[in-house]
Amino acid sequence: MTRWKCSFKYILANKAETEALGASLAEIAIPGDIIALKGTLGSGKSVLARAFIRKYLKTTENIPSPTFTLVQTYDMGFVPVYHFDLYRIINSEETIELGIEEAFSEGISLIEWPERLGSYLPKNHLQIWLRVNNKDSIRNIQLAGPDSWQTRLNNLFSEEPENV
């Protein structure tokens, strides 16, 4: 298992706070970033990814889920954003056909179900675990990544909670 240089734990009380985190991450994302979203069905992965994309593209339009298409590409920002949903992937080799290598080299990638990538998931990614407490819908999240994320996450989590 990878040992991360930086790690943050946070509680998101509701969907709006999950969306706010996604929007905040869009503000600190840079070309080449890979954000791996892990969690069970209904944990908020798509909510976070959609909020990220809306903020990055500066739009209020509905962002479709790539559940059936496996990838949605948004090429209207500074660099393209790729939103992958790998839930239906059985073999990690299938991801090559999705253009995932191109996405990693030229854009920002948001990946739901990143464990389906196996060894194709680059080590230099931000990992976000979302765990939902079904009793009250509070989400416990943990963000972890390599040194390249340290300063950006420090700045993000040093803000007041209502800004996250």
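Relevant structure appears above.
Quick summary incoming for the structure in this document. Residue positions within a chain follow its written sequence, with the count starting from 1. Residues qualify for local features only when their pLDDT is at least 70, as the model is predicted, and side-chain atom pairs are given and counted only at 80 or more; totals for whole chains, interfaces and linings, by contrast, use all residues. Values reported for side chains reflect all heavy atoms of the structure, with hydrogen atoms and water molecules removed beforehand.

## Quick word on the pairing of strand 6 (residues 126-133)
Move 1: Note: strand 2 (residues 34-39) against strand 6, five bridges, orientation parallel. Residue pairing across strands places Ile 35 opposite Leu 126, the latter belonging to strand 6.
Move 2: Sheet topology places strand 6 next to strand 7 (residues 138-145); seven bridges connect them, and they run antiparallel. Opposite Trp 129, over in strand 7, you have Gln 142 as the bridge partner. Only strands that DSSP links by at least two bridges are regarded as paired with each other. Secondary structure elements are defined from DSSP: runs of H or I of at least 4 residues count as helices, runs of E of at least 2 residues count as strands, and each element is numbered from the N terminus.

## Things to note about the environment of Ile 28
Move 1: Looking at where Ile 28 falls in the secondary structure, it is placed in helix 1 (residues 15-28).
Move 2: As a C-alpha pair, Ile 28 and Ile 138 span 110 residues in sequence and 24 Å in three-dimensional space.
Move 3: Beyond its immediate chain neighbours, meaning those up to four positions away, Ile 28 contacts Asp 33, Trp 149, Arg 152, Leu 153 and Leu 156. Whether two residues are in contact is decided by their heavy atoms: any pair within 4.5 Å suffices.

## Looking at the nonpolar core
Move 1: For this analysis, a nonpolar core means a set of buried residues of the types Ala, Val, Leu, Ile, Met, Phe, Trp, Tyr and Cys, connected via side-chain atoms within 4.5 Å. A simple rule labels every residue: compare its accessible area, found with a 1.4 Å probe on the protein chains alone, to the largest value its type can have, and call it buried under 20%, exposed over 50%, or partly exposed in between. If you look at the biggest cluster of nonpolar residues, it comprises 31 residues, and the most contacted ones within it are Leu 25, Phe 52 and Leu 153.
Move 2: Mapped by element, the contributors of at least two residues to this core are strand 1 (6-12), helix 1, strand 2, helix 2 (45-57), strand 5 (108-112), strand 6, strand 7 and helix 4 (147-157).
Move 3: Here the element with the most residues in this core is helix 2; it accounts for six residues.
Move 4: Of all hydrophobic cores here, the second largest spans 14 residues; its members include Tyr 82, Phe 84, Ile 111 and Trp 113.

## With respect to the side chain of Ser 109
Move 1: When you line up the elements, Ser 109 lands in strand 5.
Move 2: Not counting residues up to four positions away in its chain, the partners in contact with Ser 109 are Asp 33, Ile 34, Ile 35, Tyr 82, Phe 84, Ala 103 and Phe 104.

## Examining the packing of aromatic side chains
Move 1: Centre distance within 6.5 Å is the pairing criterion for rings of Phe, Tyr and Trp, where only the six-membered ring of Trp is used; planes under 30 degrees apart are then read as stacked, over 60 as edge-to-face, and the remainder as tilted. According to the stated counting rule, one finds three aromatic pairs in the structure shown.
Move 2: Between Phe 52 and Tyr 56, the ring centres sit 6.3 Å apart and the planes meet at 15 degrees, which makes this aromatic pair stacked. Remark: Tyr 56 and Phe 52 occur in helix 2; sequence separation between them is four residues, near one turn of the helix.
Move 3: Judged by its relative accessible area of 0%, Phe 52 falls in the buried class.

## With respect to the pattern of salt bridges
Move 1: Any carboxyl oxygen of Asp or Glu within 4 Å of a side-chain nitrogen of Lys or Arg constitutes a salt bridge here. Under the counting rule described, the total for this entry stands at three salt bridges.
Move 2: Asp 33 is paired through a salt bridge with Arg 152; the nearest N and O atoms lie 2.6 Å apart. Highlighted residues: Asp 33 in the loop between helix 1 and strand 2 and Arg 152 in helix 4, separated in sequence by 119 residues.
Move 3: Assessed through its relative accessible area of 13%, Arg 152 is described here as buried.

## Concerning the pairing of strand 4 (residues 81-85)
Move 1: Across the five residues of strand 4, five count as buried, placing the element largely inside the fold.
Move 2: The two faces of strand 4 match: Val 81, His 83 and Asp 85 on one face and Tyr 82 and Phe 84 on the other face are all buried.
Move 3: Here five bridges tie strand 4 to strand 5, and the two strands are oriented parallel to one another. When the sheet's bridge partners are listed, Asp 85 is paired in strand 5 with Glu 112.
Move 4: If the strands point away from the viewer and the path from the first strand over the helix to the second runs clockwise, then the crossover is right-handed. Regarding topology, helix 3 (residues 100-106) serves as the crossover connection from strand 4 to the parallel strand 5, and that connection is right-handed.

## Some words on the packing of helix 1 against helix 2
Move 1: Axes here refer to lines fitted to C-alpha atoms; in helices the fit is confined to the stretch in contact. Angles between the N-to-C directions go from 0 to 180 degrees. Where helix 1 meets helix 2, the axes come as close as 7 Å, and the angle between the chain directions of the two elements is 45 degrees. Relative to helix 2, helix 1 is oriented oblique. In this structure, the crossing between helix 1 and helix 2 has a hand that is right-handed. Between helix 1 and helix 2, the contacting residues are Lys 15, Thr 18, Glu 19, Leu 21, Gly 22, Ala 23, Leu 25, Ala 26 and Glu 27 on the first element and Val 47, Leu 48, Ala 51, Phe 52, Arg 54, Lys 55 and Tyr 56 on the second. Roughly parallel here means an angle under 35 degrees, roughly antiparallel means over 145, roughly perpendicular means 65 to 115, and every remaining angle is called oblique. In this scheme the handedness of a crossing depends on how the near helix is turned from the far one: anticlockwise by less than a right angle means left-handed, clockwise means right-handed.

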